[in-house]
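Observations on the three-dimensional arrangement
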Amino acid sequence: MPISYIPYFPNTIEGQAILDNFTRTARLLRYRDNDRVTDRIKRGLPLYEVEKLETVGTSDKATSGVLLRGECLSACAYLKSQNTKIDLVYIDPPFASGADYAKKVYLRRNPHVADMIQKAEEELDLDELRAFEEKMYGDIWNKEDYLNWMYENLLAIKSVMSETASIYVHLDWHIGHYVKILMDEIFGEDNFVNEIVWCYSRPSVSNQKHFTKLHDTLFWYAKNKDEGLSANMNSVRIEYSEKTKERNKYGSGGSKYSGNSTERVTHEEGKIPEDYWYIPMVVGNANENADYSTQKPEALLERIIKASSNDGMVVADFFGGSGVTAAVAHKLGRNFIHVDVGINSIQTTRDRLLALGANFDVLEVKDGVSLYRNPQQTMDKLKSLITGLRNEDALDSFWEGAISDSKYGKMPVYVPNLLDHNSKVLDIPLMNRILNEAMPDLDTDIKRVVVYYVDITDSQEIEKFIKNHNPTTIEVDLRDLKELLSEVVIDDIVSYELTETGEGFEVEITQFISDRLTQKISEYNEKRKLGKSQKDIVTAIDEEETTKPKSKFKPIEISENGLELIEWVSLDCTNTDGTWKSNAEIKIDKLGYMVLNGKKTKVLWDAKIQSAEKPLRLKIRNIAGDESVVLL
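Just so you know, these numbers come straight off a predicted model, no measurement behind them.

1. As for unusual backbone geometry
- Although it is not a glycine, N83 sits at a positive phi angle of roughly 60°.
- Following the sequence through the fold, N83 ends up in the loop between α2 (72–81) and β5 (86–91).
- Residues other than glycine seldom take positive phi values, yet N597 does so here, at roughly 50°.
- As for its placement among the helices and strands, N597 is situated in the loop between β29 (593–596) and β30 (599–604).
- The exposure class assigned to N597 is partly exposed, which follows from its relative accessible area of 39%.

Shown next, in the form of C-alpha cells:
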C-alpha cells in the first residue's frame with residue numbers, strides 16, 4: 001500500500017476537481033470508462049517509499065539530476081512530496097501503435113579469446129557477434145484504457161509543473177489527435193502554443209497503397225501561456241551549415257514559393273524555425289546511438305530545451321527511454337529528472353550520463369512490485385509462474401487464462417496489467433467491473449475465479465463488497481501477486497578472485513552463471529531451429545522440382561566460464577550495504593572493448609577490474625540488464 005495519497009492540486013474550485021482550469025468544468029472527450037478515472041484522481045497520487053540506489057559524481061557540479069525508476073504517477077507523488085517544481089517537460093510515451101518493441105542483446109567477446117588478438121585496433125569478425133532479442137515493452141492498448149492512463153498521467157505531470165512551465169508531448173497518428181483533446185481539457189485550449197511536425201526519412205516500402213508516413217507530432221502547451229512564454233521562451237535560430245542548405249533546397253528552377261530552385265535561407269546567421277522540423281533519425285553508426293528502441297535524436301531535444309528553458313532550470317522526462325532528454329539537458333546546463341519503469345532505460349541513461357561527467361542520484365520507487373527488467377517481461381514471466389495457467393480461447397481477453405483445480409474444475413484467472421497503474425490497485429470500481437461485467441459472461445459451469453492483485457485498498461472492504469454485490473454464484477479467490485513477484489528476480493552466480501597488487505587491488509571474474517539467460521538462449525535456439533525448417537528449403541525453377549538446403553542454423557553457445565554474458569562490472573570501495581558508490585567500473589561494448597569509468601578505449605576486456613582502494617562489494621550486470629551484487 002502507498003504511504004499516503006497526495007492531492008493533485010490544492011484548493012480546487014467546486015466543479016473543477018478534475019480539470020483545474022478556468023475554461024471548462026466538464027470533460028470534453030467522452031469514451032467508455034472515462035468516468036472511472038475520476039475516483040482515482042479524487043483519491044490522489046500514490047506516494048510510496050523511495051530508495052536511493054546509487055550516487056554518481058560529486059556535489060560540486062553546477063547542475064545535477066535524478067534517475068528515478070518508477071511509474072509516472074508515483075514519480076510525481078515523490079516530486080510533490082519533495083516540493084520539486086519542473087520548468088520544462090518533454091515526454092515520448094507509448095504511441096498506442098499496436099507493436100512490440102524489442103532490444104537486441106549481444107553476447108560479448110569472451111575475455112579469454114582477447115589474447116589471440118595481437119593489435120587492439122584490429123576489427124573483430126562481425127559474424128561472431130551473436131545476438132537475440134528481448135521484449136522491452138508492448139505498445140498494445142485498448143484505446144479507452146490508454147486515454148484514461150494518459151489523462152491521469154498528464155494531470156499528475158501538470159501538478160508538478162511550475163507556473164511558467166511548458167510541456168511537449170510527442171506522439172504520432174495512432175492516438176495523437178485524441179491526446180490533443182485531453183490536453184485541451186487539462187491545460188486549457190488557450191494555453192496551446194504549437195503543433196510541431198517532426199519530419200524524418202527512412203526507406204519506403206514498395207507497392208504500398210498510401211503516402212509514406214514520415215513524421216511525428218509534438219503538442220506544445222504552456223501551463224500559463226501569457227506568463228510562461230514571456231519568462232522562458234527564447235528566440236531560437238537555426239544555424240545553417242552547407243549540408244543543411246543542401247537539404248533545404250526546393251526542386252530545380254523557379255522561386256521558393258513556386259516550389260522550384262531558390263534556397264529557403266539568406267546570408268544571415270539563421271532563422272526562427274517553422275512548426276515543421278526536418279531532423280534526421282539516429283542511425284546505427286552515430287555517436288549518440290544507444291541501441292535503444294524508439295531513441296530520439298539529440299538535435300530534436302536540443303531545440304526544445306533551448307526554446308523553452310534557461311540555464312539552471314529543471315527539465316523532466318517521465319517516459320525517459322534512452323535518456324536523450326537528460327543528456328541534452330545536462331549538456332545545456334539544466335538540471336534533469338529522468339523517469340522510467342524499465343531497468344534497461346535506467347541503466348542506459350546512467351551509463352550515458354556517467355560518460356558526460358554528470359552528477360546525479362539513482363532512485364527507485366518501492367511500490368511492492370519486484371519488476372523483472374520491465375513490466376512487459378515481468379508479465380511474460382508471471383505466466384510461467386502461475387502453476388497450471390493455460391491459454392483459453394473461449395475466455396474473454398479480460399482473463400489471462402485458466403487453471404485447473406480438482407475441486408472447482410476450470411478457474412479463470414485475472415492478472416493486473418503491470419504496464420497500467422490503473423489496474424494494479426484492487427479497489428471497489430475494479431472489483432465492481434470484475435463482478436458485474438466479466439464474471440456474468442463466463443460459462444455456467446464455472447464455479448470459482450482467481451483474482452490476483454498487486455495492491456488492495458482494504459481487503460475486508462473488498463470481501464464485503466463481493467459478498468453483497470456478486471450477481472453470480474461464482475466464488476472469488478483473492479491472491480496477492482507480490483508472493484509470485486518475489487520469485488521473479490533471482491541473482492546470477494559469480495565466481496571471482498581478489499588479489500592485492502602493488503598499485504591497489506584486482507578482482508578477476510572466473511565464472512559467471514545466469515540461469516535466466518541460459519534458459520532464454522535455449523528457447524531462442526529452439527525457436528530458430530524450428531523456424532528454419534520452413535525457410536531452409538529452396539525450390540529450383542526447373543521442370544523437375546528439386547530441393548537444396550541452405551547453410552545450417554548455428555545455435556548460440558555459452559562457454560563454460562560464461563564471461564561473454566557480462567556487460568558491466570563495478571566495484572564499491574565505500575559501502576558494504578545501502579547506496580551504491582561506483583569507485584571503479586568497466587562496461588564492455590558489443591565488440592568486447594572496455595569503457596573504463598565512462599571513457600571509451602580500444603582495449604579488450606581481460607575479465608579483470610582494478611581499484612586503488614580495497615573493494616567491499618562487486619556488482620555485475622549481464623547483457624540483458626539483470627544486476628547481481630556480491631559482498632567481497
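2. Observations concerning the packing of aromatic side chains
- Taken as a whole and judged by the stated rule, the model has 9 aromatic pairs.
- Measuring from ring centre to ring centre gives 4.9 Å for Y168 and W220, while their planes differ by 15°; the resulting arrangement is stacked. Residue Y168 is found in strand β8 (residues 161–171), and its partner W220 is found in strand β10 (residues 215–222); the two are separated by 52 residues along the sequence.
- A residue is classified by how much of its surface remains accessible, and W220, at 5% relative accessible area, is buried.
- Judged by centre distance (6.4 Å) and plane angle (55°), the rings of F336 and F360 are tilted. Of the two residues, F336 is situated in strand β15 (residues 335–340) and F360 in strand β16 (residues 360–366); the sequence distance between them amounts to 24 residues. There is no split in this pair, since F336 and F360 are both buried.
- Joined through ring pairs, the aromatic side chains of Y146, W149 and F319 make up one cluster.
- Against the face of W173 rests K213, its NZ or CZ located 5.1 Å from the ring centre.
- One residue, R303, lies across the ring of W277, its end atom 4.8 Å from the ring centre.

3. What about helix α4 (residues 176–187)?
- Here α4 is 12 residues long and its end C-alpha atoms lie 16 Å apart, about the 16 Å a rise of 1.5 Å per residue gives.
- Taken as a whole, α4 has its buried residues at G176, V179, L182, M183, D184, E185, I186 and F187.
- Packed against the buried residues of α4 are α3 (143–159), β8 and β10.
- Downstream of α4 by a residue or two, G188 has a phi angle that is positive, lying close to 95°.

4. Overview of the environment of E497
- Along the polypeptide, E497 turns up in strand β23 (residues 493–501).
- Under the relative-accessibility criterion, E497 is labelled partly exposed at 45%.

5. Focus: the packing of helix α1 (residues 36–43) against α3
- Here α1 crosses α3 at 25°, and the two axes come no closer than 10 Å. In terms of axis orientation, α1 runs roughly parallel to α3. Between α1 and α3 lies a crossing whose hand is right-handed. Contacts between α1 and α3 pair V37, R40 and I41 from the former with N148, Y151, E152 and L155 from the latter.
- Per-class residue counts for the contact of α1 with α3 are 4 nonpolar, 1 polar and 2 charged.

6. Observations regarding the pairing of β16
- Burial runs high along β16: 5 of the 7 residues are buried.
- As defined by bridge partners, strand β3 (residues 49–56) adjoins β16 across 7 bridges and the pair is classed as antiparallel. Looking at β16, one finds that E51 is bridged to E364.
- Summarising the sheet, strand β4 (residues 65–69) and β16 pair through 5 bridges and their orientation is parallel. Bridging from a neighbouring strand, G65 pairs with F360 of β16.

7. Side note on the sheet that holds strand β22 (residues 475–480)
- Strand order across the open sheet formed by 4 strands is β17-β18-β20-β22, with mixed pairing between neighbours. Among the strands making up the open sheet, the edge pair consists of β17 (401–405) and β22. Ignoring strand direction, the axes of neighbouring strands in this sheet form an average angle of 30°.
- The sheet contact formed by β17 and strand β18 (residues 409–414) spans 5 bridges and is antiparallel. Bridge pairing links D405 to G409 in β18.

8. Comments concerning the packing of helix α7 (residues 298–308) against helix α8 (residues 324–331)
- In the contact formed by α7 and α8, the axes pass within 9 Å of each other and the chain directions differ by 55°. Considered as vectors, α7 and α8 are oriented oblique to each other. Every pair of crossing elements has a handedness; the one defined by α7 and α8 is right-handed. Facing E298, L301, E302 and I305 of α7, the residues of α8 in contact are V324, T325, A327, V328, A329 and K331.
- Tallied by class, residues from the contact of α7 with α8 come to 6 nonpolar, 1 polar and 3 charged.

9. A closer look at the side chain of Q347
- Considering the arrangement of structural elements, one finds Q347 in helix α9 (residues 343–355).
- The class of Q347 is buried, set by a relative accessible area of 5%.
- At a separation of 2.6 Å, a polar atom in the side chain of Q347 contacts the main-chain carbonyl oxygen of G625.
- Beyond its immediate sequence surroundings of up to four residues, Q347 is in contact with R621, G625 and E627.

Rules used in this analysis
Residues numbered from 1 in each chain as written. Predicted model: local features only at pLDDT ≥ 70, side-chain atom pairs only at ≥ 80, totals over all residues. Heavy atoms only, no water. Helix = DSSP H or I, 4+ residues; strand = E, 2+ residues; numbered from the N terminus. Buried < 20%, exposed > 50% of the residue type's maximum accessible area, 1.4 Å probe, protein only. Phe/Tyr/Trp six-rings, centres within 6.5 Å; stacked < 30°, edge-to-face > 60°. Lys NZ or Arg CZ within 6 Å of the ring centre and 35° of its normal. Expected span 1.5 Å × (residues − 1). Contact = heavy atoms within 4.5 Å. Axes fitted to C-alpha atoms, helices over the stretch in contact; angles between N-to-C directions. Parallel < 35°, antiparallel > 145°, perpendicular 65-115°, else oblique. Left-handed = near helix turned anticlockwise from the far one by under 90°. Nonpolar A, V, L, I, M, F, W, Y, C, P; charged D, E, K, R; others polar. Pairing = 2+ DSSP bridges. Polar contact = N/O pair within 3.5 Å; in protein donor to acceptor, adjacent residues only side chain to side chain.

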